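Commentary on secondary and tertiary structure
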Amino acid sequence: HFLGNPLVWWSGVLGILGYLALLGGFLVRRRRACFDMDDESWQRYILTGELLLGGWVLHYVPFFLMERTLFLHHYLPALVFKIILLAVMVENIHSHVLRWSVHRNVFSALCAVWVTCIYFTYRKFAPLTYGNSNLSADEVTDLRWMESWDLLIQVL
């Protein structure tokens with residue numbers, strides 16, 4: 001099973017939604033003459049978002065529209081774009097949204113917890129994803145986090 005890390009996939013979706021929410025908030029504030037970042041940072045934020053969000057759309061939408069069985073390798077190029085967009089969003093929250101150092105420190109701690117959870121999820125799913133150890137049928141079933149996941153269990 002080439003599943004990958006579910007937390008990375010879900011975090012990427014939150015990164016896209018978060019980027020769009022931040023963009024909407026920044027646009028409303030700029031319309032009201034509240035400039036949260038200088039022009040150079042704003043242009044970098046817009047250009048980075050256009051590039052990464054555009055790359056994600058160009059790599060995701062064609063496969064979303066297909067009416068055949070899709071495999072994980074169809075989505076991997078889009079995953080790269082959404083992971084990088086997530087990093088851009090986190091950096092902008094840290095640099096431009098959070099004003100006080102206490103908020104930044106709490107945010108940094110939450111990010112550290114989040115990355116730790118991603119690591120432990122990687123460790124949990126590594127035998128299933130990479131096949132580097134034998135799993136019993138019960139162990140494979142325990143890795144099924146959602147009802148919609150169909151994991152093929154072959155007993156020899």
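Residues numbered from 1 in each chain as written. Predicted model: local features only at pLDDT ≥ 70, side-chain atom pairs only at ≥ 80, totals over all residues. Heavy atoms only, no water.

1. Concerning the overall build of the chain
Each helix and strand counted, the chain has five helices and zero strands in total. Helices (α) and strands (β) of the chain occur, in sequence order from the N terminus, as α-α-α-α-α. Rg of the C-alpha trace for the chain: 19 Å, well past the compact-globule value of 15 Å for 156 residues, more than 25% over. Dimensions along the principal axes, computed over C-alpha positions, put the chain at roughly 65 × 40 × 25 Å. Per-residue burial for the chain yields a buried fraction of 33% across its 156 residues. In the chain, 61% of the contacts between residues at least 6 apart in sequence involve partners at least 24 apart. Total accessible area on the chain stands at roughly 10700 Å², and carbon and sulfur atoms take up 64% of it. For the chain, the distance from the average site of its 12 positive side-chain charges to the average site of its 12 negative ones is 8 Å. (Helix = DSSP H or I, 4+ residues; strand = E, 2+ residues; numbered from the N terminus. Rg over C-alpha atoms; globule rule 2.2 N^0.38 Å. Buried < 20%, exposed > 50% of the residue type's maximum accessible area, 1.4 Å probe, protein only. Contact = heavy atoms within 4.5 Å. Areas by Shrake-Rupley, 256 points an atom, 1.4 Å probe, with all protein chains shown as cover. Lys, Arg positive; Asp, Glu negative; His and termini not counted. Charge placed at Lys NZ, Arg CZ, Asp CG, Glu CD.)

2. Things to note about the confidence of the model for the chain
A residue-level look at the chain finds 97% of positions with pLDDT of 70 or above and a mean pLDDT of 88. At the low end of the mean pLDDT range in the chain sits helix H5 (residues 137-142), at 77; at the high end sits helix H1 (residues 6-31), at 93. (pLDDT = per-residue confidence, 0-100.)

3. Focus on the nonpolar core
One finds Trp42 and Tyr45 to be the most contacted residues of the largest nonpolar core, which totals 22 residues. At the level of elements, H1, helix H2 (39-64), helix H3 (72-97) and helix H4 (101-130) are the ones that each hand at least two residues to this core. In terms of residues, this core owes the most to one element, H3, which gives seven residues. Ranked by size, the runner-up nonpolar core spans six residues in total, among them Phe125, Val140, Leu143 and Leu151. (Core = buried A, V, L, I, M, F, W, Y, C linked by side-chain atoms within 4.5 Å.)

4. Remarks on the pattern of salt bridges
Summed over the entire model, instances satisfying the criterion amount to four salt bridges. We note a salt bridge from Asp39 to Arg30, for which the minimum N-O separation is 3.4 Å. Between Arg44 and Glu40 there is a salt bridge whose closest N-O contact spans 3.8 Å. Separated by four residues within a single helix, Arg44 and Glu40 lie in helix H2, roughly one turn from each other. Arg44 sits in the partly exposed class, given a relative accessible area of 47%. Looking at Glu40, the relative accessible area reads 59%, which means it is exposed. What you see here is one network of salt bridges that share partners, running through Arg29, Asp36 and Arg99. (Salt bridge = Lys/Arg side-chain N within 4 Å of Asp/Glu carboxyl O.)

5. Concerning unusual backbone geometry
For Ala33, which is not a glycine, the phi torsion comes out positive at approximately 65°. Within the secondary structure layout, Ala33 lies in the loop between H1 and H2. Its relative accessible area of 53% is what places Ala33 among the exposed residues.

6. As for the environment of Arg104
Within the secondary structure layout, Arg104 lies in helix H4. Separated by eleven residues in sequence, Arg104 and Ile93 place their C-alpha atoms 8.9 Å apart. Setting aside anything within four residues of it in sequence, one finds Arg104 in contact with His94, Ser95 and Leu98. Among the polar contacts made by the side chain of Arg104, one reaches the main-chain carbonyl oxygen of Ser95 at a distance of 3.2 Å. (Polar contact = N/O pair within 3.5 Å; in protein donor to acceptor, adjacent residues only side chain to side chain.)

7. Remarks on the environment of Leu70
Note on placement: Leu70 falls in the loop between H2 and H3. Along the chain, Leu70 and Arg44 lie 26 residues apart, while their C-alpha atoms are 34 Å from each other. When sequence neighbours within four positions are dropped, the list of residues in contact with Leu70 reads Phe63 and Tyr75.

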